[in-house]
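Each chain, written out:
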Amino acid sequence: MSPDRNRLHLALQKSGRLSEQSRQLLKDAGLKLVDGGKNALSGRAENFPLDLMLVRDDDIPTFVADGVCELGIVGQNVLEEYALGQPERRFEQVARLGFGRCSLKIAAPDSIGRFDLAMLEGQRIATSYPQLTARFLAERGIAAEVVTMRGAVELAPRLGIAGFVCDLVSTGATLDANGLTAVADVFESEAVLVQTRRPIDRAHAEKVEALLARINGVIATAESKYIVLNAPEAALPAIIRILPGAEAPTVVPLIGRQGHVAVQAVCQESVFWETLERLKAEGASAILVMPIEKMML
Ligand code: PRT
Ligand code: ZN
């Protein structure tokens, strides 16, 4: 299959923790995705000039850096690990996507007791992320041996391969089940959209811009709410300060209620019940919080 140069190419994880949400993001951005079923290595959008390359997540940074794909969706952990092993950074992170959150942590057997970073000195640390682990150690001036394992890292202490592990953690259940406890944070990660730094022609750049605008809209919409409320004019400064992430709210007079106004604002952060209670305490009334279906910034 030779790539069609009139279409954009986006590398996605074929099957794994990021696949489902990566596809959902593209669907939320209005793309109708079609692919050849379970074993297909590629897919396409019917209503946008975009082809999908369905690959292992570890291959995504290479695809994007080499310009085989103009775009990719991958975990920052995989991306940064790759970048640290390269002489130059040939891709750019263009959006944080808010899913696939996890952190790379150093963990030790539960029996460790009180931990101090100096305890890593001269030890062996098993990990699938040797570059990120080595950077963490180097930045702190710790001399320890990094042992690379492709999988089953949690077993290393029990097998006597290493005294510590450095692995991804989300709920912590895997560490618990293996009698390990997290002792240091190495790297925070989430899924991101990356773009190649290879030169792309103008027509392609415009397609990237259009897709990016939609994706940014989806991300912004996920957290955003539209708030409408009535308030005494005198309370406006206090009320606007409480509205989370609201820029330049609209304020209009209320006919027949001197000194009162209606406020409308897009809040780009979560709106909690506590926020509403604080607004009410400042004199706001008739507070409505509405979801936003689509947004283009
Ligand atoms: O086949 P392919 O190479 O594409 O997939 P993969 O097996 O290498 O990766 P996959 O699908 O497991 O993960 C893809 C990406 O999801 C990772 O690169 C991270 O960016 C992100 N992610 C988020 C995670 C986790 N959470 C996670 N918990 N990746 C792995 N884990 C593993 C971790 O390694 C450990 O074994 O889950 C276990 C810990 O989970 P908890 O919940 O018990 O703490
Ligand atoms: Zn992988």
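Residues numbered from 1 in each chain as written. Chains lettered and ligands numbered in written order. Predicted model: local features only at pLDDT ≥ 70, side-chain atom pairs only at ≥ 80, totals over all residues. Heavy atoms only, no water.

**Quick notes on the sheet that holds strand β3 (residues 42-45)**
Worth spelling out the cut-off: Each pair of strands is called paired provided DSSP finds at least two bridges between the two strands. Put simply, DSSP H or I for four residues or longer makes a helix, DSSP E for two residues or longer makes a strand, and each gets a number counted from the N terminus. Geometry is summarised by axes, namely lines fitted to C-alpha atoms with helices restricted to the contacting stretch, and by angles between N-to-C directions that run from 0 to 180 degrees. Any two residues whose heavy atoms approach within 4.5 Å at even a single point are treated as in contact.
Read across the sheet, seven strands follow the order β2-β3-β4-β1-β5-β12-β6 without closing on themselves; strand pairing throughout is mixed. Edge positions in the open sheet fall to β2 (33-35) and β6 (91-96), since each of these has one partner strand only. On average, each strand axis in the sheet is tilted by 30 degrees relative to the strand beside it, whichever way the strands run. Bridge count for strand β5 (residues 71-75) against strand β12 (residues 191-196) is five bridges, and the pairing is antiparallel. Counted as the bridge partner of Gly 72 is Val 194 from β12. Set on the sheet, helix α1 (residues 19-28) makes contact with β1 (8-13), β2, β4 (50-55) and β5; between it and β1 the angle comes to about 145 degrees. Its contacts with the sheet place helix α3 (residues 76-84) against β5, β6 and β12, and it is angled at close to 105 degrees to β5.

**Some points on unusual backbone geometry**
Selection rule: Under the scheme applied here, a residue whose accessible area is under 20% of the maximum for its type counts as buried, over 50% as exposed, and between as partly exposed, the area being computed with a 1.4 Å probe on protein chains only.
Not every positive phi belongs to a glycine, and Ala 152 is a case in point at roughly 50 degrees. Relative to the assigned elements, Ala 152 resides in the loop between β9 (145-148) and α5 (156-159). With relative accessibility at 42%, the residue Ala 152 sits in the partly exposed group. Of note in this structure, Ala 286 is not a glycine but carries a positive phi near 45 degrees. Here Ala 286 shows up in strand β16 (residues 285-291). A relative accessible area of 53% means that Ala 286 is categorised as exposed.

**Structural notes on the site of ligand 1**
As a reminder of what qualifies: Proximity is defined per residue: any heavy atom of the residue falling within 4 Å of a molecule or strand makes that residue near it. Under this definition, polar contacts are N or O atom pairs within 3.5 Å; protein pairs additionally need one hydrogen-donor-capable and one acceptor-capable atom, and for neighbouring residues in sequence, both atoms have to be side-chain atoms. Only the protein chains shown count as cover for residues, and the accessible areas themselves come from Shrake-Rupley with a 1.4 Å probe.
Taken together, 22 residues surround ligand 1, and among them Arg 56, Asn 77, Thr 171, Gly 172 and Thr 174 come closest. Asp 57 places a side-chain nitrogen or oxygen 2.9 Å from an oxygen atom of ligand 1. Take Thr 171: an N or O atom from its side chain is 2.5 Å from an oxygen atom of ligand 1. Protein contacts shield 78% of the accessible area of ligand 1, which totals 840 Å² for the unbound molecule.

**Points about helix α9 (residues 273-281)**
Because an α-helix packs 3.6 residues into every turn, residues spaced three or four apart end up facing the same way. Note the threshold: To obtain the arc, one takes the directions from the helix axis to the C-beta atoms.
Within the sequence span of α9, burial applies to Thr 275, Leu 276 and Leu 279. For α9, the arc enclosing every buried residue in end-on projection is 100 degrees, short of the 170-degree limit, so these residues lie on one face. Exposed side chains of α9 directed beyond 90 degrees from the buried face belong to Trp 273, Glu 274, Glu 277, Lys 280 and Ala 281. Elements in contact with the buried residues of α9: β13 (225-232), α8 (236-242) and β16.

**Description of the domain arrangement of the protein chain**
Reports often express the size of an interface as the amount of accessible area lost when the parts come together. How we decide: Domain start and stop points were drawn from an automatic or database domain assignment.
Split into domains, the protein chain comes out as domain 1 (8-99 + 191-221), domain 2 (102-189) and domain 3 (224-291). Taking only C-alpha atoms, the centre of domain 2 and the centre of domain 3 are 47 Å apart.

**Considering the coordination of the zinc ion (ligand 2)**
The line we're drawing: The rule for donors is simple: N, O or S, within 2.8 Å of the metal, or within 3.2 Å if the metal is Na, K or Ca. Water isn't counted, so a site may look like it is missing partners. Square planar and octahedral assignments, for four and six donors respectively, both demand that opposite donors be over 155 degrees apart and that all other angles lie between 65 and 115; tetrahedral needs four donors with all angles between 85 and 135 degrees, and anything else is irregular.
Around the zinc ion (ligand 2), the protein contributes the donor atoms Asp 57 (OD) and Asp 58 (OD), at 2.0 to 2.1 Å from the metal centre. What the four donor atoms of the zinc ion (ligand 2) show is an angle range of 76 to 172 degrees at the metal, which sorts the shape as irregular. The exposure class of Asp 57 is buried, given its relative accessible area of 18%.

**Describing the pairing of strand β14 (residues 250-253)**
Note: β14 against strand β15 (residues 260-267), four bridges, orientation antiparallel. Opposite Val 251, over in β15, you have Val 263 as the bridge partner.

**What to know about the state of the cysteines**
Here is the rule: By disulfide we mean two sulfur atoms from cysteines, separated by a distance within 2.5 Å.
What the rule picks out here adds up to zero disulfides. Cys 102 provides the cysteine sulfur closest to Cys 166, a residue in no disulfide bond, and the two sulfurs are 11 Å apart.

**So, the packing of α3 against helix α4 (residues 130-139)**
Convention followed: Oblique is the label for every angle not falling under 35 degrees (roughly parallel), over 145 degrees (roughly antiparallel), or within 65 to 115 degrees (roughly perpendicular). Polar here means any residue other than Ala, Val, Leu, Ile, Met, Phe, Trp, Tyr, Cys and Pro, which are nonpolar, and Asp, Glu, Lys and Arg, which are charged; Gly is therefore polar.
Close contact between α3 and α4 brings their axes to 8 Å; oriented N to C, the two are set at 75 degrees. Comparing their axes, α4 and α3 come out roughly perpendicular. Facing α3, whose interface residues are Asn 77, Glu 80, Glu 81 and Leu 84, α4 presents Pro 130, Gln 131, Leu 132 and Arg 135. In terms of residue class, the contact of α3 with α4 is made up of three nonpolar, two polar and three charged.

**Quick look at the nonpolar core**
Defined as follows: Grouping buried Ala, Val, Leu, Ile, Met, Phe, Trp, Tyr and Cys residues that are joined through side-chain atoms within 4.5 Å yields what is termed a nonpolar core.
Membership of the largest hydrophobic core comes to 30 residues, with the highest contact counts inside it found for Phe 91, Leu 104, Ile 106, Leu 120, Val 186 and Val 194. When residues of this core are traced back to their parent elements, those giving at least two are β4, α2 (60-65), α3, β7 (102-109), α4, β10 (164-169), β11 (180-189) and β12. No other element matches the four residues that α3 contributes to this core. The residues that make up this core include at least three from each of domain 1 (8-99 + 191-221) and domain 2 (102-189). Dropping the residues within four chain positions of it, Phe 91 is found in contact with Val 64, Ala 65, Leu 79, Tyr 82, Ala 83, Val 194, Gln 195, Thr 196 and Arg 197. Counting residues in each nonpolar core, the second largest holds 26 residues, with Ala 29, Ala 95, Leu 193 and Ile 215 among its members.

**Comments concerning the sheet that holds β15**
Strand pairing in a sheet takes place through backbone hydrogen bonds and is either antiparallel or parallel in direction. Read from one edge of the open sheet, four strands run β14-β15-β13-β16, paired in antiparallel fashion. At either margin of the open sheet sits one strand with a lone partner, and together these are β14 and β16. Put simply, the sheet's adjacent strands are angled 15 degrees from each other on average, direction ignored.

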